[in-house]
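Commentary on secondary and tertiary structure
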Amino acid sequence: MATAVTCLLAAAVFTLSGCATSGPGEAPSQPPVSGSAAARQPVTILISIDGFRDDYLRRGVSPTLSRLAAAGVTGIMHPSFPSKTFPNHWTLVTGLRPDRHGIVGNRMEASERKEVFTMATDDPWWWDAAPPVWVDAEKAGIRTAAMFWPGANVAFGGASGPTGTRPSDWVPYNQAVNDSQRVNTVLDWLRRPEEIRPSFVTLYFDKVDAAGHLHGPDGAQTTQAVAEVDAAIGTLVAGLKALGQPANLVIVADHGMAATSSERTIALDTLVDPSRYHLVETGTFASLAPLSGAAEEVERSLLVPHEHMQCWRKADIPARFHYGSNPRIPPILCLAEPGWLILASAPRQPASGGNHGYDNMAPEMNALFIAHGPAFAAGRVLPDFENVDIYPLLRRLIGLPAAAGVDGDGVVFRGVFRGGATPGGD
Ligand code: AMP
Ligand code: ZN
Ligand code: ZN
């Protein structure tokens, strides 16, 4: 039922060729396994490959992704600031930048809460500022499922009401669930009878980010992780084809990765007495609050030119970052030059690896984007765009009406739809 609604809406928007029965980009070469498969409507699958910098696609180890890009739509996508995992995953599914959706860092503190927000926090209070796309879909009767996504375990709206909304199917985050188990879970969901089959699915892979942190973006292990995730997506594409399940795949990364080294660090305790401020986050940026009576002293030391780092009062953060008005952002932000790290004190051991969180327009932070499926024309390369545009795209693919008041308009996708429908206007 829900999928039928989706198809009708999607067909109205995209002038799709009747929500066709072709597989992801190709006509099925063999008859579908189930007798009713010919009636299957396209599912939208949002795939995040955490930390997949756009240029990883050109390492020659990702044949599936290259094929999907060539037969679909691709382009460089800029993350939102800060180029961290949780802020950007929430932007991708809400269309708002972190300053507005409230997940302003991977670690947060708030005067209203004793508990610190970490990546394990599922208290809806932290998340409730903006509904993710699956909440609107569920409320519209469109079934959704999450094979991991930051925030998909949160009972959205639960802070202000007795109950919250989660995807109909979701899985608690656990890195030990391997890539093929993740893919098989998605395929199992799509094997279900139509009444309980999702129309929108998220799928998340962490290993490219993990390898990038440990071995750096140029490490052989990072390239190997790219190859492994590509193979997993190849299994997904083959599984969809075998099911006769048409799919619009939207494949994204939350940010890129820059090489870091213990030789490129800024030790905050060499600039200001560490007893004079409270640190909230350190790394590619540092956010901190001067302690009572210490604001002038801390500002005098930090709000001056530094090599490889710039600090601002939150109200003075350059407008292009769209960051600084949320109460969860501490009073002072220091941002490192890509490749540099801001630490509480100098590192004790030599180390090298990779990190992200830098200026969201830095080329090292460029993220992967590929869209492929019956909704999309083939062979389109987009001009650079920002990740706030993904949410309007998802709403259209899922069959939800355009949302007002979000930060992305999806106009960049004008002209990429099969049948020529434009995303900006109906
Ligand atoms: P970052 O520090 O920005 O690189 O964050 C990446 C980390 O986020 C990875 O180590 C993932 O294991 C973790 N992560 C991704 N999704 C989730 C989730 N849904 N819940 C908890 N942690 C997650
Ligand atoms: Zn990430
Ligand atoms: Zn990371």
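Details of the structure are given in the entry above.
The present account deals with the structure reproduced in this document. Counting from 1, residues in each chain are numbered in the order their sequence is written. For this description, chains carry letters from A and ligands carry numbers from 1, given in the order in which they are written. With the structure being a predicted model, the display of local features is reserved for residues of pLDDT at least 70 and the display and counting of side-chain atom pairs for 80 or more, all residues being used for whole-chain, interface and lining totals. Side-chain descriptors were evaluated using all non-hydrogen atoms of the structure, hydrogens and water having been removed beforehand.

Turning to the packing of aromatic side chains, a few remarks are in order. How two aromatic rings sit relative to each other is given by the distance of their centres and the angle of their planes. Under the pairing criterion, centres of Phe, Tyr and Trp rings, with the six-membered ring standing for Trp, must be within 6.5 Å; the plane angle then separates stacked pairs below 30 degrees from edge-to-face pairs above 60, leaving the rest tilted. Within this structure, the stated rule accounts for 18 aromatic pairs. Relative to W134, the ring of W90 lies with its centre 5.9 Å away and its plane at 65 degrees, an arrangement referred to as edge-to-face. Within this pair, whereas W90 is found in helix α3 (residues 85–94), its partner W134 is found in helix α6 (residues 133–139), the two being separated by 44 residues in sequence. The rings of F86, W90, F117, W125, W126, W127 and W134 are connected pair by pair, giving a single aromatic cluster. The ring of W125 has R328 sitting right over it, with the charged end atom 4.7 Å from the ring centre. Strands are runs of DSSP state E lasting at least 2 residues, helices are runs of H or I lasting at least 4, and numbering of each runs from the N terminus. A ring is considered to have a charge above it if a Lys NZ or an Arg CZ atom is located within 6 Å of its centre and within 35 degrees of its normal.

All right, on to the coordination of the zinc ion (ligand 2) then. Ideal values differ by geometry: the angle at a metal is 109.5 degrees with four tetrahedral donors, but 90 or 180 degrees with six octahedral donors. Ligating atoms shown are N, O and S within 2.8 Å of the metal, or 3.2 Å for Na, K and Ca, and water is not included, meaning a site may look less than complete. Every protein donor of the zinc ion (ligand 2) is accounted for by D50 (OD), T85 (OG1), D254 (OD) and H255 (NE2), and the metal-donor separations fall at 2.0 to 2.1 Å. Taken together, the four donor atoms coordinating the zinc ion (ligand 2) span angles of 96 to 129 degrees at the metal, a pattern that classifies the geometry as tetrahedral. Metal-to-metal, the separation of the zinc ion (ligand 2) and the zinc ion (ligand 3) is 4.1 Å. Like H255, D254 is buried. Any site counts as irregular unless it has four donors with all angles between 85 and 135 degrees, making it tetrahedral, or four or six donors with opposite ones more than 155 degrees apart and the rest between 65 and 115, making it square planar or octahedral. Burial status follows relative accessibility: with a 1.4 Å probe on protein chains alone, a residue under 20% of its type maximum counts as buried, one over 50% as exposed, and anything between as partly exposed.

To continue, consider the site of ligand 1. In these notes, residues near a molecule or strand are those with any non-hydrogen atom within 4 Å of it. Taken together, T85, F86, N106, M119, W149, P150, Y173, Q175, Y204, D209, H213 and H356 make up the full set of residues adjacent to ligand 1. One of the side-chain nitrogen or oxygen atoms of T85 is found 2.6 Å away from an oxygen atom of ligand 1. Under this definition, polar contacts are N or O atom pairs within 3.5 Å; protein pairs additionally need one hydrogen-donor-capable and one acceptor-capable atom, and for neighbouring residues in sequence, both atoms have to be side-chain atoms. At a separation of 3.0 Å, an oxygen atom of ligand 1 approaches a polar side-chain atom of H213. Only the protein chains shown count as cover for residues, with accessible areas throughout obtained via the Shrake-Rupley method and a probe of 1.4 Å. For ligand 1, whose unbound accessible area comes to 510 Å², protein coverage reaches 82%. Only protein atoms enter the 1 Å grid used here. Points where a 1.4 Å probe fits but cannot escape make up a cavity, open sets with protein on both sides within 12 Å along at least five of seven lines make up a pocket, and a residue lines them when an atom lies within 4 Å of a point. A pocket or cavity is taken to hold a molecule when more than half of that molecule's atoms are within 2 Å of the pocket's grid points. A molecule is said to occupy a pocket when more than half its atoms come within 2 Å of that pocket's grid points, and by this definition ligand 1 occupies the largest pocket. If you list the elements that add at least two residues to the shell around ligand 1, you get α3 and α8 (207–215).

This paragraph deals with the packing of helix α2 (residues 63–70) against helix α9 (residues 220–243). Axes here mean lines fitted to C-alpha atoms, for a helix over just the part in contact, with angles spanning 0 to 180 degrees between N-to-C directions. Look at α2 against α9: their axes get within 7 Å of each other, and the N-to-C directions meet at 60 degrees. By the criterion of interaxial angle, the relationship of α2 to α9 is oblique. Between α2 and α9, the contacting residues are P63, T64, L65, R67 and L68 on the first element and D230, I233, G234 and V237 on the second. Looking at the contact of α2 with α9, its residues break down into five nonpolar, two polar and two charged. By definition in this entry, angles of less than 35 degrees are roughly parallel, angles greater than 145 are roughly antiparallel, angles of 65 to 115 are roughly perpendicular, and the rest are oblique. The contact rule is simple, with two residues in contact once any of their heavy atoms fall within 4.5 Å. Gly is put with the polar residues, along with every residue not named as nonpolar or charged; the nonpolar set is Ala, Val, Leu, Ile, Met, Phe, Trp, Tyr, Cys and Pro, and the charged set is Asp, Glu, Lys and Arg.

All right, on to the coordination of the zinc ion (ligand 3) then. Taken together, the protein donors to the zinc ion (ligand 3) comprise D209 (OD), D209 (OD), H213 (NE2) and H356 (NE2), at separations of 2.0 to 2.4 Å. Counting along the primary sequence, the residues that act as donors to the zinc ion (ligand 3) give the motif D-x3-H-x142-H. The class of H356 is buried, set by a relative accessible area of 2%.

Across the six residues of strand β6 (residues 200–205), six count as buried, placing the element largely inside the fold. By definition, two strands form a pair when at least two bridges between them are found by DSSP. Examined bridge by bridge, strand β4 (residues 144–147) and β6 share four bridges and lie parallel to one another. In the strand pairing of β6, A146 is matched with T202.

So, about the pattern of salt bridges. Basic side-chain nitrogens of Lys or Arg form a salt bridge, by our definition, when they fall within 4 Å of a carboxyl oxygen of Asp or Glu. As enumerated under the stated definition, the model contains 18 salt bridges in all. Taking the shortest distance from any N to any O, the salt bridge between D206 and R182 comes out at 2.8 Å. Taken together, the residues span a long stretch of sequence, with D206 in the loop between β6 and α8 and R182 in helix α7 (residues 179–190) at a distance of 24 residues. Across the pair, exposure class does not vary: D206 and R182 are buried alike. Across the pair R313 and E299 runs a salt bridge, and its minimum N-O distance is 3.0 Å. With R313 in strand β12 (residues 309–313) and E299 in helix α10 (residues 295–302), this pair connects stretches of sequence that are 14 residues apart. With a relative accessible area of 39%, R313 lands in the partly exposed category. Where salt bridges share partners, they join R143, D169 and R192 into one cluster.

Read these as geometric descriptors, not functional statements.
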